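Residue-level structure breakdown
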Amino acid sequence: MAETLFFNALREAIDEEMERDQTVMVMGEDVGHYGGSYKVTKDLHKKYGDLRLLDTPIAENSFTGMAVGAAMTGLRPIIEGMNMGFLLLAFNQIANNAGMLRYTSGGNFKIPMVIRGPGGVGRQLGAEHSQRLETYFQAVPGLKIVACSTPYNAKGLLKSAIRDNNPVLFFEHVLLYNLKEDLPEEEYLLPLDKAEVVRSGKDVTIITYSRMRHHVMQAVKTLEKDGYDPEVIDLLSLKPLDFDTIGASIRKTHRVIIVEEAMRTGGIAAEVIASINDRLFDELDAPVLRLSSQDIPTPYNGGLENLTIVQPQQIVEAVQKMAALKV
């Protein structure tokens, strides 16, 4: 085992896959000589050259379209969004081309590409750099959406995403890059369609993903002291959702809280709630409770920014409220 920073776990995944498969390449703004905005591709251009670590102009729509074409013709491009919010400029390429070409070509083309980079609410990055694009893209057919949360799952999921024959949106949270964890020395991959049971429990199921996993686990420390026994599920795969894992947990606890950093309206939690009500309504002893960010642009002011997103104490209070409900 070796202690590894989150961003280095991602770098290891890319390095290993580029060494294994010569069709894997990276493109984006400053991914080559600068090493990426968060150093995920640091020094890889020295090993693989400037064509496989391709620095692009500031033109997200253009280089995303170029990546789609490269994927159609046999390469496995990895796009780094310097900030995932910038990829709104490439929405048409991701949705209409990457997401749909395998279908609209009658299966003649595969689109094996990964679109990855930092997103989420950072520390005073302002409204335009605090986007949570997973909610924008969840309605697009043909895309897989992954949200990693630890160095271990970041590496294993990214390696699997690079090998997948479909376009994968791979969301990394900007505040997790310096997280540390011991990683195995041997190679490992993680499935793109499975959630992780982070903690087993019997009182209530808490479903979460990305940085909110860590807020939830912080709240769990307080809840354990008060005698509560929550089960915690990290979705990891936002599309498709792993309803085998979700269903098994709900059949045990019969109570659900969803914690997300996405905004409340049209968020991932909204889709999860709708799916739970469709499939597992009779298993519920209480309505599903969701904790989401407020439906406002994220303020630059640090105090106001914290007020817009879910904090651990709110999770503690939600579990207490849920546990107090009588069947």
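Residues numbered from 1 in each chain as written. Predicted model: local features only at pLDDT ≥ 70, side-chain atom pairs only at ≥ 80, totals over all residues. Heavy atoms only, no water.

**Thoughts on the pairing of strand β2 (residues 24-28)**
Of all five residues making up β2, five are buried, and the element is well covered by its neighbours. The side-chain alternation of β2 yields two buried faces, one formed by Val24, Val26 and Gly28 and the other by Met25 and Met27. In this sheet, strand β4 (residues 76-80) lies alongside β2 in parallel orientation, the contact comprising five bridges. Paired with Met27 across the bridge in β4 is Ile79. (Buried < 20%, exposed > 50% of the residue type's maximum accessible area, 1.4 Å probe, protein only. Helix = DSSP H or I, 4+ residues; strand = E, 2+ residues; numbered from the N terminus. Pairing = 2+ DSSP bridges.)

**Digging into helix α10 (residues 268-280)**
The end-to-end C-alpha separation of α10 is 17 Å, in line with the 18 Å expected for 13 residues at 1.5 Å each. Here α10 has its buried residues at Ile268, Ala269, Val272, Ile273, Ser275, Ile276 and Leu280. Down the axis of α10, the buried side of the element spans an arc of 165 degrees, and every buried residue falls inside it. Residues of α10 that are buried make contact with α6 (134-137), β10 (204-208), β12 (237-239), α9 (243-253), β13 (256-263) and β14 (289-293). (Expected span 1.5 Å × (residues − 1). Arc of directions from axis to C-beta. Contact = heavy atoms within 4.5 Å.)

**A look at unusual backbone geometry**
The omega torsion across Lys239 and Pro240 is 5 degrees, close enough to zero to call that bond cis. Inspection of the secondary structure assignment puts Pro240 in the loop between β12 and α9. Its identity as a non-glycine residue notwithstanding, His254 has a phi of 65 degrees, on the positive side. Here His254 lies in the loop between α9 and β13. Judged by its relative accessible area of 23%, His254 falls in the partly exposed class.

**Details of the environment of Ala219**
With respect to the helices and strands, Ala219 occurs in helix α8 (residues 212-225). Spatially, the C-alpha atoms of Ala219 and Val316 are 5.6 Å apart, while their sequence positions differ by 97 residues. If we skip the residues at most four places from it in the chain, Ala219 touches Pro312, Ile315 and Val316.

**As for the environment of Leu5**
Relative to the elements of secondary structure, Leu5 occurs in strand β1 (residues 2-5). Separated by 191 residues in the primary sequence, Leu5 and Glu196 have C-alpha atoms spaced 20 Å apart. Once residues within four sequence positions are removed from consideration, Leu5 is found in contact with Pro151, Tyr177, Asn178, Leu179 and Lys180.

**Observations concerning empty space enclosed by the protein**
What the rule picks out here adds up to one cavity of 30 Å³ or more. Here the largest cavity is characterised by a volume of approximately 110 Å³. Surrounding the largest cavity, 14 residues form its lining, Gly119, Gly120, Glu134, His173 and Ser210 being those nearest its centre. Top contributing element to the lining of the largest cavity by residue count: strand β7 (residues 168-173), with three residues. Of the residues that constitute the lining of the largest cavity, the class distribution is five nonpolar, five polar and four charged. (1 Å grid on protein atoms, 1.4 Å probe; cavity = no way out; pocket = protein on both sides within 12 Å on 5 of 7 lines; lining within 4 Å. Points joined across faces, edges and corners; volume = space filled by probe spheres on them. Nonpolar A, V, L, I, M, F, W, Y, C, P; charged D, E, K, R; others polar.)

**Remarks on the sheet that holds strand β3 (residues 53-55)**
Across the sheet, which stays open at both edges, the seven strands sit in the order β3-β2-β4-β5-β7-β6-β12 with mixed pairing between neighbours. Edge positions in the open sheet fall to β3 and β12, since each of these has one partner strand only. Between one strand and the next, the sheet's axes are offset by a mean angle of 20 degrees, whatever the strand orientation. Where β2 lies against β3, three bridges are found, and the strand directions are parallel. When the bridges of β3 are listed, Gly28 appears paired with Asp55. Helix-sheet contacts for helix α3 (residues 60-72) involve β2, β3 and β4, and the interaxial angle to β4 is about 160 degrees. (Axes fitted to C-alpha atoms, helices over the stretch in contact; angles between N-to-C directions.)

**Some points on the nonpolar core**
Formed by 43 residues in total, the largest nonpolar core has its most connected members in Met113 and Ile276. When residues in this core are grouped by element, the largest group, six residues, is from α10. Not counting residues up to four positions away in its chain, the partners in contact with Met113 are Thr64, Ala67, Val68, Ala71, Pro77, Ile79, Ala98, Asn166, Pro167 and Val168. Core analysis: the second largest hydrophobic core is formed by 32 residues, Leu44, Ile162, Leu190 and Leu236 among them. (Core = buried A, V, L, I, M, F, W, Y, C linked by side-chain atoms within 4.5 Å.)

**A few points about the sheet that holds strand β11 (residues 230-234)**
Two orientations exist for strands paired in a sheet by backbone hydrogen bonds: parallel and antiparallel. What the five strands build is an open sheet, ordered β9-β11-β10-β13-β14; its pairing is mixed. Pairing within the sheet leaves two strands with one partner each, and these edge strands are β9 (196-199) and β14. On average, each strand axis in the sheet is inclined to that of its neighbour by 25 degrees, with strand direction left out of account.

**A closer look at the packing of aromatic side chains**
What the rule picks out here adds up to four aromatic pairs. Plain terms: the ring middles of Phe91 and Phe137 are 4.8 Å apart, the flat faces sit at 15 degrees to each other, and that makes the pair stacked. Of this pair, Phe91 sits in helix α4 (residues 91-98) while Phe137 sits in helix α6, and the two are 46 residues apart along the sequence. We classify Phe91 as partly exposed; its relative accessible area is 30%. Note on Phe137: relative accessible area 1%, which makes it buried. Centre to centre, the rings of Tyr152 and Tyr188 are 4.5 Å apart; their planes meet at 5 degrees, and the pair counts as stacked. You can see Tyr152 sitting in helix α7 (residues 151-163) and its partner Tyr188 sitting in the loop between β8 (180-183) and β9, a full 36 residues away along the chain. Judged by relative accessible area, which is 29%, Tyr152 ranks as partly exposed. By relative accessible area, which is 9% here, Tyr188 ends up buried. Three or more aromatic residues joined by ring pairs form one cluster here, namely Phe6, Tyr38 and Tyr177. In this structure, Lys39 is placed above the aromatic ring of Tyr34, and the distance from its NZ or CZ to the ring centre is 3.6 Å. (Phe/Tyr/Trp six-rings, centres within 6.5 Å; stacked < 30°, edge-to-face > 60°. Lys NZ or Arg CZ within 6 Å of the ring centre and 35° of its normal.)

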